[in-house]
Amino acid sequence: MLVSFRLRPAVRAGRAVLRPCPAEVLIVGLSLWWLLMEHRRFFGAVREHLGSASWGVLAAWMLAVLALNVVVLSVLAPGRAFRPVAVALTLVAAVSSYYVDHYGVFLDPSMLRNVLHTQPAEARELLGAGLFWHVLVHAGPPSAVVMLWPLSRRSWPQALAWRAATVLGASVVLIAVVMATFQPLASLMRNHKELRYWLLPAAPLWSVAKALTGDARQATGPRTPIGLDAQRILPPGPRRPRVVVLVVGETARAANWGLNGYARQTTPGLAERGVINVAPVQSCGTNTEVSVPCLFAPVGRRDYDEDRIRRSESLLHVLARAGWAVQWIDNQTGCKGVCEGLPYTTVAQLAPPELCHDGTCWDEGLLTGLDDRLKRLQDDQVLVLHMLGNHGPSYFRRYPSAFARFQPECREDELQRCSREAIVNAYDNALLYTDHVLSRLIDTLKAHAAQVDSAMLYVSDHGESLGEAQLYLHGLPYAIAPAEQTRVPMVMWFSPGYAAGLSLDEGCLRQRALQGAAHDHVFHTVLALAGVSTALYEPAWDLIAGCRRPPAAAQRPAP
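Residues numbered from 1 in each chain as written. Predicted model: local features only at pLDDT ≥ 70, side-chain atom pairs only at ≥ 80, totals over all residues. Heavy atoms only, no water.

Visitor: Help me out: how do you make sense of the state of the cysteines in this one?
Guide: The term disulfide refers to a covalent linkage connecting the sulfur atoms of a pair of cysteines. Enumeration according to the criterion identifies five disulfides in this entry. Here Cys335 is linked by a disulfide to Cys339, with a sulfur-sulfur distance of 2.2 Å. Here the disulfide of Cys335 and Cys339 is left-handed, its torsion about the S-S bond being about -90 degrees. A disulfide bridge connects Cys356 with Cys361, and the sulfur atoms are separated by 2.0 Å. (Disulfide = S-S within 2.5 Å.)

Okay, structure coming up:
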């Protein structure tokens, strides 16, 4: 209140020396500022795709973007709402352009859904001095003008007429430019339609609305049940309890995975433990919000339908319906609806304090209590471990100092402060730690092999760009995403008892693994691993289907 009291006289004094103008003049001026300051990457990409002799078209499209900004601001900032809305939209444009310029992100609904679901600790890593200075330069001057410049006093009919004329005039200009340049525009949008997500502030506004309406549709009513016929098929005679551990990795890319032939050995522990490495593996999405629900869906990427996936039950519900106990342990931003209604806990609730710091926990916390869980296990259980993995940009925060093997490492939250070599080193160190966690998991399962038959499947949700083509992080629209963001590692491991129970020919499976896979295989492979019979099961998408010896005796359904 004291700050507000002191500022008001200064604002009044500033307005006293300025000549009042209609709000529409500031709307055009602010729209021009957005055009010139927040679209560097957009018009650079347009110029590149248009080629030479395109200056006339480029100028026309700049006029169209200006008109679009005028329409957006005119519609969203009426009357007394003009100043606060104009400043808010300027901040949106400035923040958005920072991430577009520095990381090459596209502000589509999927990316904005990720933003909306970001946890505070994760968000803090994305807020640095670079963002502060960028916003200060890009939003400070126009915001000051908007707040200080006096507006002409008009009756509401006059104000409405001015605003309607502005919207109409800008719309005419926009339509005229589109019609005049329709052929190159249609070609650009057909081949590079993702560029529309660099129009600021229109793109983030539209994408947020789209993401919120999608979440609202998902929240209305229960999920559609799937696999109502699911039955657990048990081998005859006495048996040991079984545990299937599904490890969902985060941001691990296949290109840097040691088992895939990377120049560095980033997976020494897994290499020593004889895991079955599957490569190449295609992810379902380029961000967690898409990939995790898709990973646990029966169809996946090959017939992708986001609404259907988000409004339906998942693989875990089918397993639970068949009689498996299901537990999700999370070190990330939740299960994205995949485990809705099923037992769920977080590493922060389980792990000892030394494994947690600054609002996040190291992935070893996922193994807290596993030894006791296996000792007490009486029946079959599916355990899902959701890792923090290589989540960027702060790769150096994902591992203890003992795993900082590759040097120099980037120890900054803002990647532009580091060389590409240091960024890759920190990323690879985080992969070393993932290897350590998975190796510890396998060793724990091995230690209980006489009492519990166990299987482990690890797969990352999506990959990561580390400076290739000037791109960083992940989340590009799938159609244009580079292989670094869509190729991920996958490994499998079985205890001798579990392999025997499946009549599994591991030599055959190793050969099958060389043919590669996709996220689409996970649903059907896990059904086979769990011995669950359902009409949802498709053998063509089961990685172990062709590698099982004929059973010695008929199996029986669980009571």
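Having seen the model, we can carry on.
Visitor: Explanation requested: the nonpolar core in the structure shown.
Guide: A general feature of soluble globular proteins is that nonpolar side chains tend to end up buried together. Residues Val245, Val247, Leu385, Leu441, Met456 and Tyr458 are the most contacted members of the largest nonpolar core, which totals 104 residues. When residues in this core are grouped by element, the largest group, 14 residues, is from helix α18 (residues 420–447). Beyond its immediate stretch of four places on either side in the chain, Leu385 contacts Val245, Leu246, Val247, Val248, Ile329, Leu366, Leu367 and Leu441. Of all hydrophobic cores here, the second largest spans 50 residues; its members include Val278, Met492, Phe494 and Phe523. (Core = buried A, V, L, I, M, F, W, Y, C linked by side-chain atoms within 4.5 Å. Buried < 20%, exposed > 50% of the residue type's maximum accessible area, 1.4 Å probe, protein only. Helix = DSSP H or I, 4+ residues; strand = E, 2+ residues; numbered from the N terminus. Contact = heavy atoms within 4.5 Å.)

Visitor: Which parts of the structure should I look at to understand the sheet that holds strand β2 (residues 242–249)?
Guide: For sheets, the rule is that strands pair by backbone hydrogen bonds, running either parallel or antiparallel. Pairing is mixed across the open sheet formed by seven strands, whose spatial order is β3-β13-β10-β2-β9-β5-β6. Two strands bound the open sheet, and with one partner strand each, they are β3 (276–278) and β6 (344–346). Along the sheet, successive strands turn relative to each other by an average axial angle of 15 degrees, direction set aside. Sheet analysis places β2 next to strand β10 (residues 453–460), joined by eight bridges and oriented parallel. Considered in β10, the bridge of Val244 is made with Ala455. (Pairing = 2+ DSSP bridges. Axes fitted to C-alpha atoms, helices over the stretch in contact; angles between N-to-C directions.)

Visitor: Is there a simple way to explain the confidence of the model for the protein in this structure?
Guide: Caution applies to low-pLDDT parts of the model: their predicted coordinates are not meant to be read in detail. Mean pLDDT over the protein stands at 91; residues scoring 70 or higher make up 94%. Under a pLDDT of 50 for its full length, residues 1–7 has, in the predicted model, zero contacts with residues more than four places off or in other chains. (pLDDT = per-residue confidence, 0-100.)

Visitor: I'm lost on the pattern of salt bridges in this one. Help?
Guide: Between side chains of opposite charge, pairing is possible as soon as their charged atoms come close. This structure, assessed with the given rule, holds 28 salt bridges. Linking Arg154 and Glu24 is a salt bridge whose minimum nitrogen-to-oxygen distance equals 3.1 Å. Of the two residues, Arg154 is situated in the loop between α8 (129–148) and α9 (156–180) and Glu24 in helix α2 (residues 23–37); the sequence distance between them amounts to 130 residues. Assessed through its relative accessible area of 25%, Arg154 is described here as partly exposed. (Salt bridge = Lys/Arg side-chain N within 4 Å of Asp/Glu carboxyl O.)

Visitor: In this structure, what is going on with the side chain of Thr166? I would like to understand it.
Guide: Position of Thr166 relative to the elements: it lies in helix α9. Overall, the relative accessible area of 14% leaves Thr166 in the buried class. Among the polar contacts listed, one links the side chain of Thr166 to the backbone oxygen of Trp162, at a separation of 2.8 Å. Apart from the residues lying within four places of it in its own chain, the contact partners of Thr166 are Glu24, Val70 and Ser74. (Polar contact = N/O pair within 3.5 Å; in protein donor to acceptor, adjacent residues only side chain to side chain.)

Visitor: Where do I start with the packing of helix α5 (residues 82–103) against α8 in this structure?
Guide: Angle between the axes and distance between the axes: these two values describe a pair of packed helices. Following both chains from N to C, one finds α5 and α8 inclined at 155 degrees, their axes separated by 9 Å at the closest point. Classed by the angle they form, the pair α5 and α8 counts as roughly antiparallel. Handedness of the α5/α8 crossing: right-handed. For the contact of α5 with α8, a count of residues per class yields 15 nonpolar, seven polar and two charged. (Parallel < 35°, antiparallel > 145°, perpendicular 65-115°, else oblique. Left-handed = near helix turned anticlockwise from the far one by under 90°. Nonpolar A, V, L, I, M, F, W, Y, C, P; charged D, E, K, R; others polar.)

Visitor: Is there a simple way to explain a nonpolar patch on the surface in this structure?
Guide: Side chains of Phe132, Trp133, Leu136 and Val137 sit close together on the surface and give an oily, nonpolar patch of about 440 Å² of accessible area. Position of Val137 among the secondary structure elements: in helix α8. Taking the relative accessible area as the measure of exposure, Val137 reaches 47% and is therefore partly exposed. (Patch = residues over 30% accessible without salt bridge, like charges linked within 9 Å, V, L, I, M, F, W, Y side chains within 5 Å. Areas by Shrake-Rupley, 256 points an atom, 1.4 Å probe, with all protein chains shown as cover.)

Visitor: Would you mind going over the pairing of strand β5 (residues 325–330) with me for this structure?
Guide: Remark: a regular strand shows side chains that alternate across the two faces of the sheet. Summarising burial for β5: five of the six residues are buried, a large majority. Taken together, the six bridges between β5 and strand β9 (residues 381–386) define a ladder with parallel strand orientation. Looking across to β9, one finds that Val326 is bridged to Val382. Note that β5 and β6 share three bridges and pair parallel. Bridge pairing in β6 places Ile329 opposite Thr345.

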